[in-house]
Amino acid sequence: MLAFRYIAMHYLKYFFIILGALVLFVVGFDYMEHASELSKSANLLLIYLVYQAFYAIDLLLPLSLVFAMISTKIFLIRSNALVSFFSLGYSRVDILKPFVLIATTIIVLFISLHTWSSFARAQEFSRNIRKHAQYLNPTRDLFFTYKGKYVYFSKLLPLQERAEGVRVFSVKNNSLKEVVTAKSAEYRDDFWHIKKGDLITKPDDLSLASPGISVREADDLKILEGFRPRMLDQVYEGKVNFTIIDGLEAISLLESQGIDTRTIRGALYKIFIYPFFVPCLIVIIFFFVPMSVRFLNVSLFSFGAILATLLVWGIIMMLIELSNNKTIPSEVGIIGPVIILLLIALRQWRKYRLAT
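Anyway, here's the lowdown on the structure attached to this text. In this text the structure is predicted, and so the values were computed from the model without any measurement. (Residues numbered from 1 in each chain as written. Predicted model: local features only at pLDDT ≥ 70, side-chain atom pairs only at ≥ 80, totals over all residues. Heavy atoms only, no water.)

1. Quick notes on empty space enclosed by the protein
Tallied over the entire structure, the rule returns one cavity of 30 Å³ or more. If you add up the space inside the largest cavity, you get close to 40 Å³. Along the walls of the largest cavity sit Arg262, Ser323, Lys326, Ile328, Pro329 and Ser330, which together make up its complete lining. Residue composition of the lining of the largest cavity, grouped by class: two nonpolar, two polar and two charged. (1 Å grid on protein atoms, 1.4 Å probe; cavity = no way out; pocket = protein on both sides within 12 Å on 5 of 7 lines; lining within 4 Å. Points joined across faces, edges and corners; volume = space filled by probe spheres on them. Nonpolar A, V, L, I, M, F, W, Y, C, P; charged D, E, K, R; others polar.)

What follows is the structure, encoded as structure tokens:
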């Protein structure tokens with residue numbers, strides 16, 4: 001317990017220092033790069049920096065956990081604390097446990113942050129502020145299918161939960177049967193409500209003797225049950241920064257419609273699976289470090305460990321981007337590398353646990 005508290009205290013200290021430094025560097029560098037594009041409004045500028053900080057945390061927190069382990073291990077070696085713990089009867093696995101438990105706990109908290117829209121979509125919001133001076137930009141010319149109908153919105157306003165320029169096309173046997181047109185539709189009570197629109201009906205008989213196309217006013221129409229504005233905005237714009245709840249609801253809804261869900265599955269794998277490469281990498285790196293500075297070139301080890309961490313992280317991020325673009329299956333690009341690292345880590349853990 002003494003060793004656990006001592007190691008945990010230093011690990012958390014290095015973690016917060018490294019994470020804070022990396023976040024400040026990314027936010028500061030981004031501000032210097034885009035200062036001329038940003039609004040002069042102090043409120044918008046502050047909101048932009050906050051969203052950039054959220055995005056930096058989302059990107060860099062896993063790296064910070066590994067870097068903090070490396071820094072803590074170097075501190076324990078240089079201060080001879082590691083040798084002291086071994087002389088008191090602690091094993092390598094005992095010394096490793098605080099790193100794995102704390103890293104896993106922080107990762108679980110990190111995953112839970114993705115239920116919060118402002119955190120999960122921080123990159124998108126900050127980009128919208130920079131380009132349009134508002135964090136949710138209206139989506140234009142949205143065309144999609146739903147329950148056998150084709151729906152077109154000329155403008156979608158997610159914040160107001162409203163759409164403008166609405167067209168709903170009903171098709172039967174590859175033939176257009178009916179068109180609903182309306183100036184606007186509002187989302188409430190799990191439906192999109194069209195208060196007043198025009199209903200254009202095409203007759204089955206297209207001969208000269210047919211009554212022809214009829215046009216009449218339609219009131220209080222309901223369409224798109226369960227399709228929330230933000231889900232529409234993200235799914236049909238091809239965005240990949242989902243909250244956990246939005247992602248699960250989108251998969252359930254789209255699978256019922258027979259629509260491809262690979263992008264959404266990849267987004268959820270990134271939230272739930274990708275961060276767990278951290279404890280695996282911590283275990284792998286930890287057992288390569290000697291217990292004393294006499295057997296270690298500290299500078300060379302630090303360089304090698306940081307380089308290896310960045311290389312692994314870079315490969316995983318590259319595979320995630322390939323998965324998002326549907327170049328490779330998300331199961332291969334996201335789950336596969338984490339499973340490989342997990343198997344190597346379990347082998348290392350078992351090897352040294354049995355040796356003590």
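2. Overview of the packing of aromatic side chains
Under the definition given, this model contains 17 aromatic pairs. Taken together through their ring pairs, the aromatic side chains of Tyr51, Phe54, Phe110, Trp116, Phe119 and Phe125 make up a single cluster. One cation-aromatic arrangement involves Lys13 over Phe75; the distance from NZ or CZ to the ring centre is 6.0 Å. The ring of Phe191 is capped by Lys222, whose NZ or CZ atom sits 5.3 Å from the centre of that ring. (Phe/Tyr/Trp six-rings, centres within 6.5 Å; stacked < 30°, edge-to-face > 60°. Lys NZ or Arg CZ within 6 Å of the ring centre and 35° of its normal.)

3. Here's the deal with the packing of helix H1 (residues 2–34) against helix H2 (residues 42–78)
The contact between H1 and H2 brings their axes to 5 Å, and the two run at 140 degrees. The orientation of H1 with respect to H2, classified from their angle, is oblique. The chirality of how H1 crosses H2 is right-handed. (Axes fitted to C-alpha atoms, helices over the stretch in contact; angles between N-to-C directions. Helix = DSSP H or I, 4+ residues; strand = E, 2+ residues; numbered from the N terminus. Parallel < 35°, antiparallel > 145°, perpendicular 65-115°, else oblique. Left-handed = near helix turned anticlockwise from the far one by under 90°.)

4. Observations regarding the pairing of strand S1 (residues 139–146)
Two elements, S1 and strand S2 (residues 149–157), share seven bridges in a ladder whose sense is antiparallel. Across the sheet, the residue bridging to Thr139 is Leu156, located in S2. The antiparallel hairpin formed by S1 and S2 contains two residues in its connecting segment, where Lys147 sits at a positive phi of about 50 degrees. (Pairing = 2+ DSSP bridges.)

5. Thoughts on the packing of helix H4 (residues 92–112) against helix H10 (residues 277–286)
In the contact formed by H4 and H10, the axes pass within 9 Å of each other and the chain directions differ by 160 degrees. When the axes of H4 and H10 are compared, the pair comes out roughly antiparallel. Crossing handedness for the pair H4 and H10: right-handed. Within the contact between the two elements, H4 uses Arg92, Ile95, Leu96, Phe99, Val100, Ala103, Thr104 and Ile107 and H10 uses Val278, Pro279, Ile282, Val283 and Phe286. Of the residues that constitute the contact of H4 with H10, the class distribution is 11 nonpolar, one polar and one charged. (Contact = heavy atoms within 4.5 Å.)

6. Overview of the sheet that holds strand S6 (residues 214–223)
Strand order in the open sheet formed by six strands is S1-S2-S3-S4-S5-S6, with antiparallel pairing between adjacent strands. Pairing within the sheet leaves two strands with one partner each, and these edge strands are S1 and S6. When the angles between neighbouring strand axes are averaged without regard to direction, this sheet yields 20 degrees. Two elements, strand S4 (residues 175–188) and strand S5 (residues 191–201), share seven bridges in a ladder whose sense is antiparallel. In the strand pairing of S5, Val179 is matched with Ile200.

7. A few points about the nonpolar core
Phe153 and Trp192 are the most contacted members of the largest nonpolar core, which has 101 residues in total. If you tally residues by element for this core, the top one is H2, at 16 residues. (Core = buried A, V, L, I, M, F, W, Y, C linked by side-chain atoms within 4.5 Å. Buried < 20%, exposed > 50% of the residue type's maximum accessible area, 1.4 Å probe, protein only.)

8. A closer look at H4
With 21 residues, H4 should reach 30 Å at 1.5 Å per residue; the first-to-last C-alpha distance of 31 Å fits that figure. Among all positions in H4, only Val93, Ile95, Leu96, Pro98, Phe99, Val100, Ile102, Ala103, Ile106, Ile107, Phe110 and Ile111 are buried. (Expected span 1.5 Å × (residues − 1).)

9. Structural notes on a nonpolar patch on the surface
A contiguous nonpolar patch, built from Phe25, Phe29, Tyr31 and Met32 and spanning about 490 Å² of accessible area, is present on the exposed surface. Counting through the fold element by element, Met32 comes out in helix H1. (Patch = residues over 30% accessible without salt bridge, like charges linked within 9 Å, V, L, I, M, F, W, Y side chains within 5 Å. Areas by Shrake-Rupley, 256 points an atom, 1.4 Å probe, with all protein chains shown as cover. Salt bridge = Lys/Arg side-chain N within 4 Å of Asp/Glu carboxyl O.)

10. A word on H10
Working note: α-helix, 3.6 residues per turn, so residues spaced by three or four point in the same direction. Taking burial as the measure, the 10 residues of H10 include 10 buried ones, the bulk of the element. Along H10, the residues that are buried comprise Phe277, Val278, Pro279, Cys280, Leu281, Ile282, Val283, Ile284, Ile285 and Phe286.

11. Things to note about a negative patch on the surface
A cluster of acidic residues, Asp198, Glu217, Asp219 and Asp220, forms a negative patch on the protein surface. Element by element, the count of residues in the negative patch is highest for S6, at three residues. Structurally, Asp219 can be placed in strand S6. Classification of Asp219 as partly exposed rests on a relative accessible area of 48%. (Lys, Arg positive; Asp, Glu negative; His and termini not counted. Charge placed at Lys NZ, Arg CZ, Asp CG, Glu CD.)

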